[in-house]
Structure formats: C-alpha cells, structure tokens
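Chain by chain, the residues:
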Amino acid sequence: MGAGHPECPERLDAIEDRLLITGVGDALSRQEAPEAPLADIELAHGRMHVAALRGLTDQLVEDRNAGGPTHTQLDPDTSMNAYTWRAALRASGAAIAATDAVMAGELENAFCAVRPPGHHACHDKAMGFCFFNNVAVAARYALERHGLQRVAIVDFDVHHGNGTEDILAGDDRVLMVSFFQHPLYPYSGTESPAPNMVNLPVPAYTKGMDIRELVEAAWIPRLEDFKPEMIFISAGFDAHREDDLGQLGMTEQDYAWITSRIKNVAQRHSKGRIVSCLEGGYNLSALARSVEAHIRVLADL
Ligand SMILES: [Zn+2]
C-alpha cells in the first residue's frame, strides 16, 4: 500500500512472531497459499474487474522496470504495486485451498493468514485495501465446485463487509451475519439489502459484552435455522479496543468467545467445517494476541 499505511507487511510478521513465541505455531499444520485460478476468482468478480487489475499490474511492471512510479492509487485508501496482483491471487488461493482441505476432511478447520484482505472488494471494484473478496470467492467455490447447498459467512471486522454484501446479497445459498461500527467506513450496511444479510450496526464505544449479547440474540438463531454446511469467517480484528481504525471495545477474550460460538454451530450443523480468513486488524500487538486467541479456539489448544 506504500509507506506508513496501516495495511502493512508487518501485520503478518506480528502474527507469525506471536505463534512462534507462544508455541501455538508448533501445533498447527501449515500450507503455502497457491495462486487462485482466474476462473475461481470470477465466481465472485466480473471479468472486467479481474482484467483491469491485471492490466494495471502489467503497467506497473513496465513502470518499475523503466524507473517510473512503483504504486498506482485506486482510491484514497487503496493503492497497488507490481506485486499486489500475485499477493491477491494467493490470498484468494489460500481460502480456496483451505476449503478443499476442509472439504476433504484433511483439516477440520483452517485460518488463512493473508494479505491483502478482501471483504470490501465488490463484484466490479477494488476498495478499502481489498482487491479480490477472498471469503466470497471461497464461499462461491464451496457452492459451485463442492456442490454444497448452504454456506454461512460470519464477519466480525469493525468495518461493514460491503463487498461481500455486494457479491452475495440475494444469493439464498448464503447467509451472512455481521456486526460493525456505524457510522464508520464504508458507511453502508444500515439498510439490509436482502433477507440473507443479517447486519448489526453498533455505535462507537460499544463494549465486548454488549456485542456478545447481540451475537447471541441475533446471529446464533439465524445460523441455527440456516444449518450451514460450512462456515466462512471474515476475521478482522480491528474492533479490538486497542485498534485505532475503529472505536469498539473488543478484547482477545471476546474474539475467543465469538469463535467458540461459531465453532459450536459448525460442530452441530457443518461437520465442524470452518475456513477463517484474516481481514483487518492494525494494532500489531492486539492483532497478534487476537489471532492467537482465535486460533487456540479453532485448534482446541
Ligand atoms: Zn476493517
């Protein structure tokens, strides 16, 4: 994204370091992320969007080789360089590979430590640090390539997952439940566009305990009724009280609690199948601790 941007490579380093020093990493099985085939990206995105990003990448490579600009700005928050294309393909590829591994029973669940994030990426547009919508691609992949009938998406990032909503609103094979701070970027989500979207906008300074009550009252009954065959998580950790991109009061204990509630639903209806993909989370310490808490619950550690 360029120097000084919160969506920085150090985010993944912080997670890696935390898994190392706590020993959690030793208990995990790891896979490198392959690049997603374009045909799978196009399960969630228009062909023109994919072609435009590829064209910009070619231009960036030419510019770089000619000593020209290294970044191109797509919107005030979002820029890309010559490496963004492959990173974005691998972020979606991770979600797809995780889906395959979970569907094959090789793993009960998986966490994808990926950048760039995905949940603001719309069918035809990159925005909000996002290029391809990793979770929407994987959800469609599970439906189309594995023949599932119903998948759920849980989004606990502090920002509304407008891209996921753009792609999947009205697709009744998908139930999406989320909470997010409102008003806050991208200032959407207060009017539910379709019955398969359960949006819970909450004001700044809402505490974790209040969010837990909302989750219990509004998410869990809908998830139980829907009986998803697989659950995808847009796991953003920027609702943490130490994260300056939002003003919510979540702690790592709250993330552990939410994860255990999701896991409980998955065990009852989805054979435990969960694929969780990193979205936001910009305070490096809070991000690392929250991911650890999330993974400990997923992996029973
Ligand atoms: Zn976010």
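Reading guide: rules and limits
- Residues numbered from 1 in each chain as written.
- Predicted model: local features only at pLDDT ≥ 70, side-chain atom pairs only at ≥ 80, totals over all residues.
- Heavy atoms only, no water.
- Helix = DSSP H or I, 4+ residues; strand = E, 2+ residues; numbered from the N terminus.
- Buried < 20%, exposed > 50% of the residue type's maximum accessible area, 1.4 Å probe, protein only.
- Polar contact = N/O pair within 3.5 Å; in protein donor to acceptor, adjacent residues only side chain to side chain.
- Contact = heavy atoms within 4.5 Å.
- Pairing = 2+ DSSP bridges.
- Donors = N, O, S within 2.8 Å, 3.2 Å for Na, K, Ca; no water.
- Axes fitted to C-alpha atoms, helices over the stretch in contact; angles between N-to-C directions.

**Focus on the side chain of Lys-263**
- Within the fold, Lys-263 resides in helix α8 (residues 252-269).
- For Lys-263, a relative accessible area of 5% corresponds to the buried category.
- Among the polar contacts made by the side chain of Lys-263, one reaches the main-chain carbonyl oxygen of Val-297 at a distance of 2.8 Å.
- With near-sequence residues (within four places) excluded, Lys-263 lies in contact with Glu-108, Asn-109, Ile-274, Val-297, Leu-298 and Asp-300.

**Brief notes about the pairing of strand β1 (residues 72-75)**
- Across three bridges, the pairing between β1 and strand β2 (residues 78-80) is antiparallel. Directly across from Asp-75, in β2, lies its bridge partner Thr-78.
- Counting the residues between successive antiparallel strands, the hairpin from β1 to β2 contains two residues.

**A short note on the coordination of the zinc ion**
- The protein atoms that coordinate the zinc ion are Asp-157 (OD), Asp-157 (OD), His-159 (ND1) and Asp-238 (OD), at distances of 2.0 to 2.8 Å.
- The sequence pattern formed by the donor residues of the zinc ion is D-x1-H-x78-D. The same class applies to Asp-157 as to His-159, namely buried.

**Overview of the sheet that holds strand β8 (residues 274-278)**
- Pairing within the open sheet is parallel, and its six strands lie in the order β3-β8-β7-β4-β5-β6. Since the sheet does not close on itself, it has two edges, and those belong to β3 (109-112) and β6 (197-202), each with one partner. Across this sheet, the average inter-strand angle for adjacent strands is 10°, counted without regard to direction.
- For strand β4 (residues 151-155) and strand β5 (residues 174-181), the ladder comprises five bridges, and the chain directions are parallel. Paired with Val-151 across the strands is Val-174, a residue of β5.

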